[in-house]
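# Coordinates in review
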Amino acid sequence: VQRIVRGFFYKFLMARMVQRHWMNAAAVGTGFGATLSYMYAYSFYLFFDFAGYSAFAIGFSYLFGVHTPENFDKPFLAKNIRDFWNRWHVTLSAWFRDHVYTRFVLAAAKGRWFSDIRTASYLGLFGAMGLMGLWHGTTWYYVVYGVYHGALLVGHDVFVRWNKESRLWGDGPVWQMAGSFVTFHAVAFGFLVFSGRLAQS
Amino acid sequence: MSSAERILAVLSRVAQTDEVKNHPHLRLYELAILDSLRTVELMAAFSAELDVEVSPAEFEREDWETPAKIVRYIENRLGSRT
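Parameters at a glance
Residues numbered from 1 in each chain as written. Chains lettered and ligands numbered in written order. Predicted model: local features only at pLDDT ≥ 70, side-chain atom pairs only at ≥ 80, totals over all residues. Heavy atoms only, no water. Helix = DSSP H or I, 4+ residues; strand = E, 2+ residues; numbered from the N terminus. Buried < 20%, exposed > 50% of the residue type's maximum accessible area, 1.4 Å probe, protein only. Areas by Shrake-Rupley, 256 points an atom, 1.4 Å probe, with all protein chains shown as cover. Axes fitted to C-alpha atoms, helices over the stretch in contact; angles between N-to-C directions. Parallel < 35°, antiparallel > 145°, perpendicular 65-115°, else oblique. Left-handed = near helix turned anticlockwise from the far one by under 90°. Contact = heavy atoms within 4.5 Å. Nonpolar A, V, L, I, M, F, W, Y, C, P; charged D, E, K, R; others polar. Core = buried A, V, L, I, M, F, W, Y, C linked by side-chain atoms within 4.5 Å. Expected span 1.5 Å × (residues − 1). Salt bridge = Lys/Arg side-chain N within 4 Å of Asp/Glu carboxyl O. Buried area = accessible area lost by both parts, 1.4 Å probe. Polar contact = N/O pair within 3.5 Å; in protein donor to acceptor, adjacent residues only side chain to side chain. Phe/Tyr/Trp six-rings, centres within 6.5 Å; stacked < 30°, edge-to-face > 60°. Lys NZ or Arg CZ within 6 Å of the ring centre and 35° of its normal.

On to the overall build of chain A. Scanning chain A from terminus to terminus reveals 8 helices and 0 strands. Written out in order from the N terminus, the α and β elements of chain A read α-α-α-α-α-α-α-α. Taking the principal axes of the C-alpha coordinates as reference, chain A spans close to 55 × 50 × 40 Å. Out of the 201 residues belonging to chain A, those deemed buried represent 43%. Accessible surface for chain A amounts to roughly 11,300 Å². Of this, 65% is attributable to carbon and sulfur atoms.

Okay, the packing of helix H1 (residues 3-15) of chain B against helix H3 (residues 36-50) of chain B next. Residue and element names in this part refer to chain B. Two elements in contact, H1 and H3, have axes separated by 10 Å at closest approach and are oriented at 140°. Classed by the angle they form, the pair H1 and H3 counts as oblique. Crossing of H1 over H3 shows right-handed handedness. Where H1 abuts H3, its residues Arg-6, Ile-7, Val-10, Leu-11, Arg-13, Val-14 and Ala-15 lie against Arg-38, Glu-41, Leu-42, Ala-45, Phe-46, Glu-49 and Leu-50. For the contact of H1 with H3, the per-class residue count stands at 9 nonpolar, no polar and 5 charged.

Below, the discussion takes up the nonpolar core. Formed by 75 residues in total, the largest nonpolar core has its most connected members in Trp-64, Ile-70 and Ile-74 of chain B. At 9 residues, helix H2 (residues 31-63) of chain A tops the list of elements feeding residues into this core. Contact partners of Ile-74 of chain B, with chain neighbours within four places excluded, come to Ile-7, Phe-46, Leu-50, Val-52, Val-54 and Trp-64 of chain B.

This part takes up the packing of H3 of chain B against helix H4 (residues 67-79) of chain B. Residue and element names in this part refer to chain B. Between H3 and H4, whose axes approach to 13 Å, the crossing angle comes to 40°. In this view, H3 runs oblique relative to H4, as classed from their interaxial angle. When the axes of H3 and H4 are compared, the crossing they make is right-handed. Residues Leu-42, Phe-46 and Leu-50 of H3 pack against Ile-70, Ile-74 and Leu-78 of H4. For the contact of H3 with H4, the residue count by class is 6 nonpolar, no polar and no charged.

Further remarks concern H1 of chain B. All names here are of chain B. In a regular helix each residue adds 1.5 Å, so 13 residues correspond to 18 Å; H1 covers 18 Å between its end C-alpha atoms and thus fits that length. Taken as a whole, H1 has its buried residues at Ile-7, Leu-8, Val-10, Leu-11, Ser-12, Val-14 and Ala-15. Two residues or fewer after H1 comes Gln-16, characterised by a positive phi angle close to 55°.

All right, on to the pattern of salt bridges then. According to the stated counting rule, one finds 16 salt bridges over all chains in the structure shown. Note that Asp-73 of chain A and Lys-74 of chain A form a salt bridge whose closest N and O atoms lie 3.9 Å from each other. Take Asp-73 of chain A: its relative accessible area is 39%, and that puts it in the partly exposed class. A salt bridge links Arg-13 of chain B to Glu-49 of chain B; the shortest N-O distance between them is 2.8 Å. You can see Arg-13 of chain B sitting in helix H1 and its partner Glu-49 of chain B sitting in helix H3, a full 36 residues away along the chain. The class of Arg-13 of chain B is partly exposed, set by a relative accessible area of 46%. The exposure class assigned to Glu-49 of chain B is partly exposed, which follows from its relative accessible area of 40%.

A separate point is the interface of chain A and chain B. Facing the 14 residues of chain A at the interface are 14 residues of chain B. Per-residue buried area on chain A facing chain B is highest for Arg-97, Leu-106 and Lys-110 of chain A; these three make up 34% of the total on that side. Counting the contacts that link chain A with chain B gives 2 residue pairs in polar contact (both at pLDDT 80 or more). Every element with two or more residues in the side of chain A that touches chain B is listed here: helix H4 (90-111) and helix H5 (117-136) of chain A. Top element by residues in the side of chain A that touches chain B is H4 of chain A. It accounts for 10 residues.

Residues and elements named next belong to chain A. One pass over the full model with this rule turns up 37 aromatic pairs over all chains. Centre to centre, the rings of Phe-84 and Trp-85 are 5.2 Å apart; their planes meet at 80°, and the pair counts as edge-to-face. Taking relative accessible area as the criterion, Trp-85 reaches 10% and is therefore assigned buried. Geometry around Tyr-62 places Arg-3 over its ring, the cationic atom sitting 5.2 Å from the centre. Its guanidinium or amino end placed over the ring of Tyr-38, Arg-197 lies 5.0 Å from that ring's centre, counting from NZ or CZ.

Following this line, the structure appears as structure tokens:
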């Protein structure tokens, strides 16, 4: 019941408010500032609308005795892009992880397709995220969105491995906040691509 | 070597830490000792070395969240064969 209330609050109050008082105004504006504003508004709208809808569905399914898995876990507080995909639309991301990424990399490992398993892993990430984009529709910016997230995940992995040697990025709370900040903006830019706004200008 | 020792030897090599042998209830995914890639490497290693095939379709992270659970899972698979 708590989830149904939260779903109602997210979807019918927060998402509507963001849409009516912020996103619609930013949508008609032009120039960099309006696009930036639209990017933030659209990101929050998407989250409240979709997380609200999911909470609704989960809440009602519990009433009927069905245990539907959680779908969102504070995604905008994710400390890196990998963490984000474990928190955003979890049921879909996990499906692509288990059925596309894992299958592909396992086949590559058993068949020794590549000298370095990491090559397979990176191709798997691009493949899984590219298909995830395509899953939303065949419009080109959905595919770009998927490939963009593939690139973010690969870039993050390359950076983490490089950072093990050079230790540029630290561990403290300030670094974690910086990580969440960078992640949120990388994700929000992805949503801007996803929204198709860039395609119209 | 017992089957549990063989399973843990594979796990500690893939995870690149001996901690997994000493702490059976270590939260492997929460502590980022295992991730998607290492999970696949584990599946490949169990297939090659213990002849246990784990299909990505049947796999759930909850079944592998600690070393003890991995041992139980693989031992079950080994046991059901004979």
